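# Summary of the model geometry
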Amino acid sequence: MHDSPPDTPTRAPLSKDRAARRRRNYLSWTWNGVLQIVRDPRWWPRDLPLSHRHLLPRRIVQADSSEWPLPTSEQLRALADAQFLEAKLWYAVVTRLYILAGTLALVAYYVYNAGHRYQYAAGAAVVLQIIAALARLRATRLHTVAHEADWRALILDALEPSGGETSRAIQLENLVSDGARDRAGRLPSYYSSDLPKGDYRLISNIRETAFFTAALYNTAATRAVWLAVVVVVPPLLPFAYSVIAGVVVSPAVAIVAVTSFLPLWDVFARNRAWRASAATLDRVTDALVYASDVRSALPLFIDSVIATATAPPIPTAVYRRQRNQLRTNWKRLVDDERRQLSPR
């Protein structure tokens, strides 16, 4: 009597949940690989399983406590500052692409009137505006990480870090772009307050940040108005002239004129965000004079975080032009307030 042959093992069918989860993982790994190729630092995890340590010029490095033993405010502030600079660079790229697209629209109009092939210039103008929109998404992502690191550095400067803040600081270090981490250096004495760590130093740091940022936002908003003129006038003036003069308008030129409203919307959105945030921060600066503890300052702190989160980063040229004068103004304001509050 022969033993019956063992059953041939068969693979159990995947459940719907497991199959869906596997598909999501494959899509996630594919998408993350694409984001790594385009060197996007924000939307993929550093511990993504890859067969190589290097993917194009991008370094795949997992930060740990040996790289960052203590999340001091100087280290986190340096990372935030370097990340802000990278975000500002991409915002500047967006602005230059808008200006170049407007110039090409103007060229397309005159080439069309001269009877030559205008489609290339008009098509290039539209493509540049699309590239500018994608570059703005990258700038926004860079700014998001820098913004969180910026405010966490302010808190660490004023208060002793907790275990959770240490862990989050290491996570932020992973999200900061490689270029920013390579450029980052210690920034001691970033805040002018000489108060010891505690509630009063935190309030002073928030107020100083609100004071500086409000003034810089107002200047940036004024510059944005002139930028809107430079960005929008070139493609719209020829189009308006053609309509008024009764000249036949090329469809390609009309498309470029219509798409110029994308840069116009972007520049006006920057202007509105800067002005609204500046108004909020001016109010915070005035109200914090009467804050005596963290409880009374907490709503104003939240207002400040929201105001800076909804506004683009300050252009580098604006900051460099005003920083020395603002430091002088801030010192004068603090000295005057101390003089008024000191007993006579």
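Look a little higher up for the structure.
Residue position: isoleucine 155 is located in helix H3 (residues 119-158). Residue isoleucine 155 is classed as partly exposed on the basis of its relative accessible area of 22%. Once the C-alpha coordinates of isoleucine 155 and isoleucine 206 are considered, the two residues, 51 residues apart in sequence, prove to be 8.9 Å apart. With sequence-adjacent residues up to four places away left out, isoleucine 155 is seen in contact with Glu165, Leu202 and Phe301.

Turning our attention to the side chain of serine 193. If you trace the backbone, serine 193 turns up in the loop between helix H5 (178-183) and helix H6 (199-245). Residues in contact with serine 193, not counting those within four places in the same chain, are Arg201, Ser204, Asn205 and Glu208.

Among the secondary structure elements, serine 304 is positioned in helix H9 (residues 294-309). The class of serine 304 is buried, set by a relative accessible area of 0%. Reaching out from serine 304, the side chain makes a polar contact with the backbone oxygen of leucine 300 at a distance of 2.9 Å. Once residues lying within four places of it in the same chain are set aside, the contact partners of serine 304 are Trp151, Ile206, Leu281 and Val284.

Here we take up a positive patch on the surface. Taken together, the side chains of Arg18, Arg21, Arg22, Arg23 and Arg24 make up a positively charged region of the molecular surface. By secondary structure assignment, the location of arginine 18 is in helix H1 (residues 16-37).

On the surface, a nonpolar cluster with roughly 490 Å² of combined accessible area is contributed by Val225, Trp226, Val229, Val233 and Leu237. Judged by its relative accessible area of 34%, valine 233 falls in the partly exposed class.

Right, let's get into the nonpolar core. Grouped together as the largest cluster of nonpolar side chains are 45 residues, with contacts concentrated most on Leu154, Ile206, Tyr217, Trp274, Leu281 and Leu288. Taken together, the elements giving at least two residues each to this core come down to helix H2 (73-113), H3, H6, helix H8 (261-287), H9 and helix H10 (316-341). Ignoring anything within four residues of it in the chain, the contact list for leucine 281 reads Ala210, Thr213, Ala214, Tyr217, Ser304, Ala307 and Thr308.

Opposite charge on two side chains permits them to pair, given that their charged atoms come into close proximity. Tallied over the entire structure, the rule returns 8 salt bridges. Ionic pairing is found between arginine 270 and aspartate 266, a salt bridge with its closest N-O pair at 3.5 Å. Here aspartate 266 and arginine 270 lie together in helix H8, a separation of 4 residues that amounts to about one turn. Of the two residues examined, arginine 270 and aspartate 266, each falls in the buried class.

Turning our attention to the packing of aromatic side chains. According to the stated counting rule, one finds 4 aromatic pairs in the structure shown. Geometrically, the ring pair formed by tryptophan 151 and phenylalanine 301 is edge-to-face, given 5.4 Å between the ring centres and 90° between the ring planes. Of this pair, tryptophan 151 sits in helix H3 while phenylalanine 301 sits in helix H9, placing them 150 residues apart in sequence. On the basis of relative accessible area, tryptophan 151 is assigned to the buried category, the value being 6%. By relative accessible area, which is 16% here, phenylalanine 301 ends up buried. Pairing tyrosine 190 with tyrosine 191 gives two aromatic rings, centres 5.0 Å apart and planes at 85°, and the pair type is edge-to-face.

As a further point, take the environment of alanine 146. Tracing the chain through its elements places alanine 146 in helix H3. Between the C-alpha atom of alanine 146 and that of alanine 82, which follows or precedes it by 64 residues, the distance is 8.1 Å. Sequence-distant contacts of alanine 146, that is, excluding residues within four places in its chain, are made with Ala80, Gln83 and Phe84.

What counts, and where the lines are drawn
Residues numbered from 1 in each chain as written. Predicted model: local features only at pLDDT ≥ 70, side-chain atom pairs only at ≥ 80, totals over all residues. Heavy atoms only, no water. Helix = DSSP H or I, 4+ residues; strand = E, 2+ residues; numbered from the N terminus. Buried < 20%, exposed > 50% of the residue type's maximum accessible area, 1.4 Å probe, protein only. Contact = heavy atoms within 4.5 Å. Polar contact = N/O pair within 3.5 Å; in protein donor to acceptor, adjacent residues only side chain to side chain. Patch = residues over 30% accessible without salt bridge, like charges linked within 9 Å, V, L, I, M, F, W, Y side chains within 5 Å. Areas by Shrake-Rupley, 256 points an atom, 1.4 Å probe, with all protein chains shown as cover. Salt bridge = Lys/Arg side-chain N within 4 Å of Asp/Glu carboxyl O. Lys, Arg positive; Asp, Glu negative; His and termini not counted. Charge placed at Lys NZ, Arg CZ, Asp CG, Glu CD. Core = buried A, V, L, I, M, F, W, Y, C linked by side-chain atoms within 4.5 Å. Phe/Tyr/Trp six-rings, centres within 6.5 Å; stacked < 30°, edge-to-face > 60°.

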